[in-house]
Amino acid sequence: MCGIVGYIGSKKPNNILIEGLKTLEYRGYDSSGIALQNKEKTQIIKSVGKIKNLEEKIKEENLINANIGIAHTRWATHGKPNESNAHPHKVGKITIVHNGIIENASVLRNILESQKIKLNSETDTEVVAALINYYYQDNIIEAINQTINKITGSYALGIMVEGDENLYAIRKDSPLVIGIGDKEHFIASDIAAIIDHTNKYILLEENEIATISQDNCKIQKDGKEIKKQILETDISAESRDKCGYEYYMMKEIMEQPVLLENTLKPLIKDLTQLPDLTKYEEIHIVACGSAIYAGMIGKTLLEDYANIKVTCEVASEYRYKKVFYSEKTLVILISQSGETADTIAAMRKAKYNGVDTLAIVNVKSSTIARESKKQIYIEAGPEIAVATTKAYLLQVAILALLSYKATKDKNGASIDLAKEIEMLPRLVKEIIDRRESYLEIAKSIYNNNDIFFIGRKIDYAISLEGSLKLKEISYIHSEAYQAGELKHGTISLIEKGTPVIAIVTDKIVREKTISNIEEVKSRGAKIIAITNSNLPSYDFNISVPKISDFFQPILIIPCLQLIAYEVAKLRGCDIDKPKNLAKSVTVE
Ligand code: F6R
């Protein structure tokens, strides 16, 4: 949610900032802006819409000579996505960019306005700029400290002070790194934004204030200077390349076979690398969006095969509800970004209650990766399309492997899936390669207004992700239902030609799901069945090889991703950046 990039050095900042913003566009893209500053002046340029609009606008401007600049791409929280609400915001001498939410902004706004301080936008960010400016006499660090004592909520801030040659940064509950270059420094919400310039960075911890000049970066907290470790990222500039694909989403779908191989093979060689789940009596899986749907697949496998009680809860609910913990509770957090605000809060709640936490996470430098007691990295590399594909698939793969290990640990060595894991990448590739059949299905459904997904047990968990993928990138209303539940109300929406995508892999409920398909078929539904067994012939049948229950979902998921992709493409949607969304949801 919102991306920040900043530069200080001897180069002209504008190109560095714009290129950085383009990398951060996944974090929000409803408006953007940059601020450039030299000893005398600050220049701010803002634009509504995608970064390319800002880029065009900058070309028309006479830019000041500056060696310091901050920039921002916005996902609106307070106030409409228009130019006056776009960042940077300048009040008096202070110019800031902000990622996060200031929860007491309206109270503070009233106080400021009662002091006759005029604010020009509807944003919480301008309130912060006004407060820093209000407290600023001659010591900016003191003014920042006084401000953070007044505000509640989350923030990553890039701050420039007119007449001051440094760049300042601070964060709490929103990510921010400081990139270390050769006689230049950067700030960014994500190291990927500055990877063309440096792979060295410092992680700013909560409420540490960075004073950054061309040659130096001083970090302090509560008046004390702090020595920070310089880290190196393994993300390469090439990994952000589209490699000739029209959309990142397609590139990321295509990467899945290789990534499965890279992630699963080293682990299957020695399962003891994975944590022992059998020592827990209850597992809580907590996550958001696709990640919780991956968790629901894990729940089914862990309960059905390893006999471990599992609850699955979306993090935004879990963090505020009454939760019963015992010494034998494990909380599993699943997150691609590792920065999802609600999932972070759920993790901290579990830690506060003294229970073990295990993160299944992609971004190694993220808050969840750093703060969780144990971690399993999914090794998906940077995922740039806003809608997750490869990260979700790898989350499912890790949960399948964990369930398989727990089952073996409990029941002895009666099953051996090493050979199956060996051939999994090839099978996934073959399924991805059937592009024509997905396109044919897409052509037959892309004009519909409603699409339903049905399945039972694990097939229902998979359906939830299929439905989310379709609706978020194609904007077609879609719902996933437990196949047996449809007739308790929703079946009234089924009419002639309504597409129903049915997933039928679970052998125990296979016949039941077939009956449910018949119920909607007899009301005119167009049936697209995805299965690992012989089914009656429907409007479309997609067959995948039958493999163990643990890894079966991995063969169904690419079919759903590709149907969603082809539908969105036929509808002319901006597949990588669906409207209203942002990839990393760092606000609650
Ligand atoms: C959907 C999607 C989101 C994320 C969710 C959690 O395609 O990408 O639903 O899965 O926002 O994000 P992470 O995994 O970063 O915690």
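Cut-offs applied
- Residues numbered from 1 in each chain as written.
- Predicted model: local features only at pLDDT ≥ 70, side-chain atom pairs only at ≥ 80, totals over all residues.
- Heavy atoms only, no water.
- Near = heavy atom within 4 Å.
- Polar contact = N/O pair within 3.5 Å; in protein donor to acceptor, adjacent residues only side chain to side chain.
- Areas by Shrake-Rupley, 256 points an atom, 1.4 Å probe, with all protein chains shown as cover.
- Helix = DSSP H or I, 4+ residues; strand = E, 2+ residues; numbered from the N terminus.
- Nonpolar A, V, L, I, M, F, W, Y, C, P; charged D, E, K, R; others polar.
- Phe/Tyr/Trp six-rings, centres within 6.5 Å; stacked < 30°, edge-to-face > 60°.
- Buried < 20%, exposed > 50% of the residue type's maximum accessible area, 1.4 Å probe, protein only.
- Lys NZ or Arg CZ within 6 Å of the ring centre and 35° of its normal.
- Contact = heavy atoms within 4.5 Å.
- Core = buried A, V, L, I, M, F, W, Y, C linked by side-chain atoms within 4.5 Å.
- 1 Å grid on protein atoms, 1.4 Å probe; cavity = no way out; pocket = protein on both sides within 12 Å on 5 of 7 lines; lining within 4 Å.
- Points joined across faces, edges and corners; volume = space filled by probe spheres on them.
- Pairing = 2+ DSSP bridges.
- Axes fitted to C-alpha atoms, helices over the stretch in contact; angles between N-to-C directions.
- Parallel < 35°, antiparallel > 145°, perpendicular 65-115°, else oblique.
- Arc of directions from axis to C-beta.

Description of the site of the ligand
Part 1: Looking at the ligand, there are 14 residues lining it, with Ser 335, Gln 336, Ser 337, Thr 340 and Glu 472 nearest.
Part 2: A distance of 3.1 Å is found between an oxygen atom of the ligand and a backbone nitrogen or oxygen belonging to Ser 290.
Part 3: Within the side chain of Ser 337, a nitrogen or oxygen atom sits 2.7 Å from an oxygen atom of the ligand.
Part 4: In the complex, 89% of the free accessible area of the ligand, which totals 410 Å², lies under the protein chains.
Part 5: Those elements that provide at least two residues to the shell around the ligand are helix H8 (290-306) and helix H15 (458-474).
Part 6: Of the residues in the shell around the ligand, the class split is five nonpolar, seven polar and two charged.

Here's the deal with the packing of aromatic side chains
Part 1: Evaluated as defined, the whole model comprises five aromatic pairs.
Part 2: Ring geometry for Tyr 305 and Phe 550: centres 5.0 Å apart, planes at 45°, overall tilted. One end of the pair, Tyr 305, is in helix H8; the other, Phe 550, is in the loop between strand S25 (540-543) and helix H17 (552-570), with 245 residues separating them in the sequence.
Part 3: Where Tyr 404 meets Phe 550, the ring centres are 5.8 Å apart and the plane angle is 65°; that geometry is what we call edge-to-face. Within this pair, whereas Tyr 404 is found in helix H12 (residues 390-411), its partner Phe 550 is found in the loop between S25 and H17, the two being separated by 146 residues in sequence. An identical accessibility class is assigned to Tyr 404 and Phe 550; each is buried.
Part 4: Members of the aromatic cluster, each reached through a chain of ring pairs, are Tyr 305, Tyr 404 and Phe 550.
Part 5: Here Lys 364 stacks its cationic end above the ring of Tyr 377, 5.5 Å away from the centre of that ring.
Part 6: Just above the ring of Tyr 475 sits the side chain of Lys 579; from NZ or CZ to the centre is 4.0 Å.

As for the side chain of Asn 362
Part 1: Residue position: Asn 362 is located in the loop between strand S19 (356-361) and helix H11 (367-371).
Part 2: Beyond its immediate sequence surroundings of up to four residues, Asn 362 is in contact with Ser 335, Gln 336, Ile 378, Glu 379, Ala 380 and Gly 381.

Overview of the nonpolar core
Part 1: Among the nonpolar cores identified, the biggest contains 96 residues, and Leu 277, Ile 283, Leu 401, Ile 501, Phe 551, Ile 554 and Ile 563 are the most heavily contacted of them.
Part 2: Core analysis: the next-biggest nonpolar cluster, separate from the first, contains 30 residues, Ile 102, Tyr 136, Ile 144 and Ile 148 among them.

Examining empty space enclosed by the protein
Part 1: Under the counting rule described, the total for this entry stands at two cavities of 30 Å³ or more.
Part 2: Its boundaries defined by the atoms lining it, the largest cavity holds a volume of some 60 Å³.
Part 3: Around the largest cavity, the lining residues are Cys 2, Arg 74, Trp 75, Ala 76, Thr 77, His 87, His 98, Asn 99, Gly 100, Thr 123, Asp 124 and Thr 125.
Part 4: Of all elements in the fold, only strand S6 (94-99) and helix H4 (124-135) reach the threshold of two or more residues within the lining of the largest cavity.
Part 5: Of the residues that constitute the lining of the largest cavity, the class distribution is three nonpolar, seven polar and two charged.
Part 6: Size it by volume and the second largest cavity reaches roughly 40 Å³.
Part 7: Class assignment of the residues belonging to the lining of the second largest cavity gives a composition of three nonpolar, three polar and three charged.

Here we look at the sheet that holds strand S21 (residues 450-455)
Part 1: The parallel open sheet is built from five strands, whose spatial order is S22-S21-S23-S24-S25. This sheet does not close on itself; its edge strands, each paired only once, are strand S22 (477-482) and S25. The average undirected angle you get between the axes of adjacent strands in this sheet is 15°.
Part 2: Sheet topology places strand S24 (residues 526-531) next to S25; four bridges connect them, and they run parallel. Note on S25: the bridge partner recorded for Thr 531 is Ser 543.

A few points about the packing of H12 against H17
Part 1: As a packed pair, H12 and H17 sit with axes 10 Å apart at the nearest point and diverge in direction by 170°. The angle between H12 and H17 falls in the class roughly antiparallel. In this structure, H12 contributes Tyr 392, Leu 393, Val 396 and Ala 397 to the contact, and H17 contributes Pro 553, Ile 554, Ile 557 and Pro 558.
Part 2: Of the residues that constitute the contact of H12 with H17, the class distribution is eight nonpolar, no polar and no charged.

Re helix H2 (residues 51-60)
Part 1: Residues Ile 51, Leu 54 and Ile 58 constitute the buried set of H2. Across the axial projection of H2, the buried residues extend over an arc of 55°, all falling on one side. Residues of H2 that are exposed and angled more than 90 degrees away from the buried face: Lys 52, Lys 59 and Glu 60.
Part 2: On its buried side, H2 packs onto helix H1 (13-24), strand S2 (31-37), strand S3 (42-48) and strand S4 (68-74).

Some details on the sheet that holds strand S14 (residues 224-226)
Part 1: Spatial ordering of the open sheet is given by S5-S6-S7-S8-S12-S13-S14, a layout of seven strands whose pairing is antiparallel. Each having just a single partner strand, strand S5 (89-91) and S14 make up the two edges of the open sheet. Recorded for the sheet is a direction-independent mean angle of 25° between the axes of neighbouring strands.
Part 2: Of the strand pairs in this sheet, S6 and strand S7 (residues 155-161) are connected by six bridges, and their pairing is antiparallel. Residue His 98 lies in a different strand from S7, and its bridge partner there is Leu 157.
Part 3: Each of S5, S6 and S7 is contacted by H4, which is oriented at about 140° to S6, the strand it contacts most.
Part 4: Sheet contacts for helix H5 (residues 140-150): S6, S7, strand S8 (167-172), strand S12 (209-212) and strand S13 (217-221); angle to S8, the most-contacted strand, approximately 20°.

Some points on unusual backbone geometry
Part 1: With an omega dihedral of 0°, the bond running from His 87 to Pro 88 counts as a cis peptide bond.
Part 2: For Asp 173, which is not glycine, the phi dihedral falls at a positive 60°.
Part 3: Looking at the secondary structure, you find Asp 173 in the loop between S8 and strand S9 (177-180).

Overview of the pairing of S4
Across a regular strand the side chains alternate sides, sitting on one face of the sheet and then on the other.
Part 1: The buried count for S4 comes to seven of seven residues, which makes it a mostly enclosed element.
Part 2: Alternating residues of S4 divide into Ile 68, Ile 70, His 72 and Arg 74 and Gly 69, Ala 71 and Thr 73, and every residue in both groups is buried.
Part 3: The sheet contact formed by strand S1 (residues 3-8) and S4 spans six bridges and is antiparallel. When the sheet's bridge partners are listed, Ile 8 is paired in S4 with Ile 68.
Part 4: In this structure, S2 lies alongside S4, joined through seven bridges in antiparallel fashion. What sits directly across from Ala 35, in S4, is Ile 70.

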